[in-house]
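# Observations on chain architecture
Letter by letter, the chains look like this.
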Amino acid sequence: MHSSLPDVYAAGDVCYPSWPRQKHWFQMRLWSQGRTMGICAGISMSTAADSSSTDNSRAKRTPTDDELMEKRLSETMNEMFGGYDIFTHVTKFFGFKVVLLGLYNGQGIPKSDQRIELRCTPSEEYIKIVIEKDKVQGAVLIGDTNLEETFENMILGEFDVSKLGDVSLLDPNIDLEDFFD
């Protein structure tokens with residue numbers, strides 16, 4: 001990620017992405033995002049070197065060169081990481097798998113527009129989903145829920161949960177994965 005200074009690049013906590021972000025992605029300054037941005041900075045540097053003149057003078061570059069570099073960087077990042085469509089973070093905490101997806105805490109959604117559904121099985125699992133206008137916007141999954149892919153697909157596919165009628169998304173007797181096979 002290039003800065004406003006010639007030949008100065010940055011990654012991680014000291015910068016933020018300047019490209020248009022998707023609704024369900026945000027920067028949290030995690031090491032995984034910093035690593036990805038480091039790769040992005042490396043690609044930016046190599047792209048700048050490839051597209052600049054033989055003396056590597058950035059001063060001679062045109063706005064069109066910068067646009068081409070940004071386009072190439074964006075394409076490369078999408079190929080490598082599938083883009084920045086949804087915030088995801090996976091870790092372990094006190095021996096439990098913790099998965100955060102999308103707007104898992106209702107980030108940017110007015111409280112009056114949020115519907116929260118919870119399921120908790122003590123010492124086993126905790127599931128929280130954030131719904132706005134009948135669409136899942138985020139999820140917190142703690143324990144071995146095996147629901148990561150299901151909720152990621154629901155978020156990215158903007159699945160209308162009202163189509164399920166009276167069925168609760170978190171009913172333990174319902175196999176949600178069946179709805180998406």
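Our subject is the structure listed above.
These remarks concern the structure in this document. (Residues numbered from 1 in each chain as written. Predicted model: local features only at pLDDT ≥ 70, side-chain atom pairs only at ≥ 80, totals over all residues. Heavy atoms only, no water.)

### Some thoughts on the sheet that holds strand S3 (residues 114–121)
Taken in spatial order, the 5 strands of this open sheet run S1-S2-S5-S4-S3, and their pairing is antiparallel. Where the open sheet ends on each side, the last strands, each with one partner, are strand S1 (88–93) and S3. Between one strand axis and the next, the sheet turns through 15 degrees on average, direction left out of account. Relative to strand S5 (residues 135–142), strand S2 (residues 96–102) is paired through 5 bridges, and the arrangement is antiparallel. Bridging across to S5, Gly102 finds its partner in Gly138. Strands S2, strand S4 (125–132) and S5 of the sheet are contacted by helix H3 (residues 148–156), whose axis makes an angle of about 160 degrees with S5. (Pairing = 2+ DSSP bridges. Helix = DSSP H or I, 4+ residues; strand = E, 2+ residues; numbered from the N terminus. Axes fitted to C-alpha atoms, helices over the stretch in contact; angles between N-to-C directions. Contact = heavy atoms within 4.5 Å.)

### A closer look at H3
The set of residues buried in H3 consists of Glu148, Thr150, Phe151, Met154 and Ile155. Buried residues of H3, seen end-on, are gathered within an arc of 165 degrees and therefore sit on one face of the element. On its buried face, H3 is in contact with S2, S4 and S5. Glu158 sits one or two residues past H3 and shows a positive phi near 50 degrees. (Buried < 20%, exposed > 50% of the residue type's maximum accessible area, 1.4 Å probe, protein only. Arc of directions from axis to C-beta.)

That's the geometry; what it means functionally is another story.
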